[in-house]
Amino acid sequence: MTITFATMSHHCTATVTSAVEAYSPVDGRAHGSLDAAAYVCPSHLQPARAMWEEQGLTPYTAKAGGGTTPCGSITDFRETVGS
Ligand SMILES: [Zn+2]
């Protein structure tokens, strides 16, 4: 399993309060497979959800925080092909 670390295009130093998880459907369930998560502050919650929806994924917002993860960090669990 490949895990890719990336960041969203914005730069933000606000405190992360949410993990916006991205799911792809499996067997007809919208939250079938956890594909990625973006860690964001409250003002970047909507851009993160929109980003996953643009990729055809179902966003789910979970509480996060307490760590040092910067806003806009992405952890991608999807297999990367050809990289
Ligand atoms: Zn932010």
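Before going into details, it helps to say that this report is about the structure given with it.

Thresholds applied
- Residues numbered from 1 in each chain as written.
- Predicted model: local features only at pLDDT ≥ 70, side-chain atom pairs only at ≥ 80, totals over all residues.
- Heavy atoms only, no water.
- Donors = N, O, S within 2.8 Å, 3.2 Å for Na, K, Ca; no water.
- Tetrahedral: all angles 85-135°; square planar, octahedral: opposite > 155°, others 65-115°.
- Helix = DSSP H or I, 4+ residues; strand = E, 2+ residues; numbered from the N terminus.
- Buried < 20%, exposed > 50% of the residue type's maximum accessible area, 1.4 Å probe, protein only.
- Contact = heavy atoms within 4.5 Å.
- Salt bridge = Lys/Arg side-chain N within 4 Å of Asp/Glu carboxyl O.

1. Comments concerning the coordination of the zinc ion
The expected angle between donors at a tetrahedral four-coordinate metal is 109.5 degrees. At an octahedral six-coordinate metal it is 90 or 180 degrees. Protein coordination at the zinc ion comes from Cys-12 (SG), Cys-41 (SG), His-44 (ND1) and Cys-71 (SG), with a distance range of 2.0 to 2.3 Å. Each of the four donor atoms around the zinc ion contributes to a set of angles spanning 104 to 115 degrees, which defines the coordination as tetrahedral.

2. Observations concerning the side chain of Ser-73
Examined against the element boundaries, Ser-73 turns out to sit in strand S5 (residues 73–76). With a relative accessible area of 14%, Ser-73 lands in the buried category. Apart from the residues lying within four places of it in its own chain, the contact partners of Ser-73 are Ala-6, Thr-7, Ala-37, Ala-38 and Tyr-39.

3. Concerning the pattern of salt bridges
A full pass over the atoms with the stated rule returns one salt bridge. Among the salt bridges present, the one from Arg-78 reaches Asp-76, with a minimum N-O distance of 2.8 Å. Owing to a relative accessible area of 14%, Asp-76 belongs among the buried residues under this scheme.

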